[in-house]
Amino acid sequence: MLVTGATGRIGSAVVEHLATAGVPVRALAHRSESPADLPSGVEVVTGDLTVPKSLDAALRGVRAVFLVWTAPPATAPAVIERLATYVDRVVLLSSPHRTPHPFFQQPNPMADLHAEVERLIAASGVRATTIRPGMLASNALFWWATAIRTDSRVRWPYGAAETAPVDDRDVAAVAARTLSEDGHAGGDYVLTGPESLSQADQVGIIGDVLGRRVDFQELSPDEFRTETEAAWPRPVVDMLLDAWAATLGTPAFVSTTVSDVLGSAPRSFEEWVADHVTAFR
């Protein structure tokens, strides 16, 4: 199995799942990336999605690929053509842009890219499985951990907007299972956590696990744009604001796919926080 994005949040966990299960795995990494955290025995190969011919050596002898598209779209046709030449199956990390829920139906450049990669894979004839995680629980680290550590207060918009955060480890476990098991070709799997939670409730859960109060201070969309202007790309900010606004008053979409594929319940947001609590202290 070849895992692209092998040093990222999801890809590294997929590598670990496969290696633990005794599945021979190659980890694709850029020359500038450090594979030091990958399990021992994993074959590390270099390659770049923006240079399709650089993938040839990594693809030789591979049966299936976990594809995380992290590059501009220009080289996607050539990369997919190479995958179809070498491998039997592709498991694509995509997004739930086909899910008829307002949170997932707002204009989204990343969803447009995913849709194009999906189209190319379908046209290539290679057997494919599509993994579509919703909001990742680990976003809480990047969004709120610093604020919670420094002053126990989160300044954020749309506190009432509900999502169903999915644990990155569950996403990786589903991806590894669909890579290593037969019967998943053609699968289209939307992955969520087990419950719909408002953003304010998620912050409250972090406080409960920490054993102290964490305040949620509601920001207007314009205030949020101002506070993130120096650090966040404006299209990403607008995309999130549109999605949160669209879902107000509507519970998050919750799927049973993690349970269906793994035979065990998805981890709750509280479980995820408990396992990462040191990041918020």
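Residues numbered from 1 in each chain as written. Predicted model: local features only at pLDDT ≥ 70, side-chain atom pairs only at ≥ 80, totals over all residues. Heavy atoms only, no water.

Before going further, it helps to examine the overall build of the protein chain. Looking only at helices and strands, one finds eleven helices and eleven strands in the protein chain. Dimensions of the protein chain, computed from the C-alpha atoms along their principal axes, are close to 55 × 35 × 35 Å. The burial tally for the protein chain puts 49% of its 281 residues in the buried class. For the protein chain, restricting intrachain contacts to residue pairs at least 6 apart in sequence, the fraction spanning at least 24 positions comes to 75%. For the protein chain, the exposed surface amounts to about 12900 Å²; the carbon and sulfur share of it is 50%. (Helix = DSSP H or I, 4+ residues; strand = E, 2+ residues; numbered from the N terminus. Buried < 20%, exposed > 50% of the residue type's maximum accessible area, 1.4 Å probe, protein only. Contact = heavy atoms within 4.5 Å. Areas by Shrake-Rupley, 256 points an atom, 1.4 Å probe, with all protein chains shown as cover.)

Next up on the list: helix 9 (residues 234–247). Spanning 14 residues, helix 9 covers 20 Å between terminal C-alpha atoms, matching the ideal 20 Å at 1.5 Å per step. Those residues of helix 9 lying buried are Val-237, Leu-240, Leu-241, Ala-243, Trp-244 and Thr-247. Each buried residue of helix 9 sits inside an arc of 165° when the element is viewed along its axis, so together they form one side. Looking one or two residues beyond helix 9, the residue adopting positive phi is Gly-249, at roughly 85°. (Expected span 1.5 Å × (residues − 1). Arc of directions from axis to C-beta.)

As a further point, take the packing of helix 1 (residues 9–20) against helix 6 (residues 168–180). Running from amino to carboxyl end, helix 1 crosses helix 6 at an angle of 55°, the nearest separation of the two axes being 8 Å. Taken together, the axis directions place helix 1 and helix 6 in an arrangement best described as oblique. Crossing of helix 1 against helix 6: the hand is right-handed. Of the residues in helix 6, those touching helix 1 at Arg-9, Ile-10, Ala-13, Val-14, His-17 and Leu-18 are Asp-168, Arg-169, Val-171, Ala-172, Ala-173, Ala-175, Ala-176, Leu-179 and Ser-180. Partitioned by chemical class, the residues of the contact of helix 1 with helix 6 number ten nonpolar, two polar and three charged. (Axes fitted to C-alpha atoms, helices over the stretch in contact; angles between N-to-C directions. Parallel < 35°, antiparallel > 145°, perpendicular 65-115°, else oblique. Left-handed = near helix turned anticlockwise from the far one by under 90°. Nonpolar A, V, L, I, M, F, W, Y, C, P; charged D, E, K, R; others polar.)

Okay, a negative patch on the surface next. Together, Glu-195, Asp-208, Glu-270 and Glu-271 give the surface a local cluster of negative charge. Note that Glu-195 resides in the loop between strand 9 (188–191) and strand 10 (197–198). Residue classification places Glu-195 among the partly exposed positions, given a relative accessible area of 34%. (Patch = residues over 30% accessible without salt bridge, like charges linked within 9 Å, V, L, I, M, F, W, Y side chains within 5 Å. Salt bridge = Lys/Arg side-chain N within 4 Å of Asp/Glu carboxyl O. Lys, Arg positive; Asp, Glu negative; His and termini not counted. Charge placed at Lys NZ, Arg CZ, Asp CG, Glu CD.)

Before going further, it helps to spend a moment on the pairing of strand 6 (residues 127–133). Most of strand 6 is tucked away, with five of its seven residues classed as buried. Note: strand 5 (residues 89–93) against strand 6, five bridges, orientation parallel. If you follow Val-90 over to strand 6, its bridge partner there is Ala-128. At this point the chain moves from strand 5, through helix 4 (residues 109–124), to the parallel strand 6, and the crossover so formed is right-handed. In this structure, strand 6 lies alongside strand 9, joined through four bridges in parallel fashion. When the sheet's bridge partners are listed, Arg-132 is paired in strand 9 with Val-190. (Pairing = 2+ DSSP bridges. Right-handed = clockwise from strand over helix to strand, strands pointing away.)

Once that is clear, we can look at the nonpolar core. Core analysis: the largest hydrophobic core is formed by 33 residues, its most contacted members being Val-14, Leu-18 and Phe-66. Ranked by residue count, the leading element in this core is helix 6, at seven residues. Among all residues touching Val-14, those that are not within four sequence positions of it are Val-3, Phe-66, Ala-172, Ala-175, Ala-176 and Leu-179. Within the second largest apolar cluster, 31 residues are counted, among which are Ala-145, Trp-156, Tyr-158 and Leu-219. (Core = buried A, V, L, I, M, F, W, Y, C linked by side-chain atoms within 4.5 Å.)

Moving on, we come to unusual backbone geometry. Non-glycine residue Ser-152 carries a positive phi angle of around 55°. As for its position among the elements, Ser-152 is in the loop between helix 5 (139–151) and strand 7 (153–157). The phi torsion at Tyr-158 lies on the positive side, around 50°, for a residue other than glycine. Looking at the secondary structure, you find Tyr-158 in the loop between strand 7 and strand 8 (162–163). Under the relative-accessibility criterion, Tyr-158 is labelled buried at 18%.

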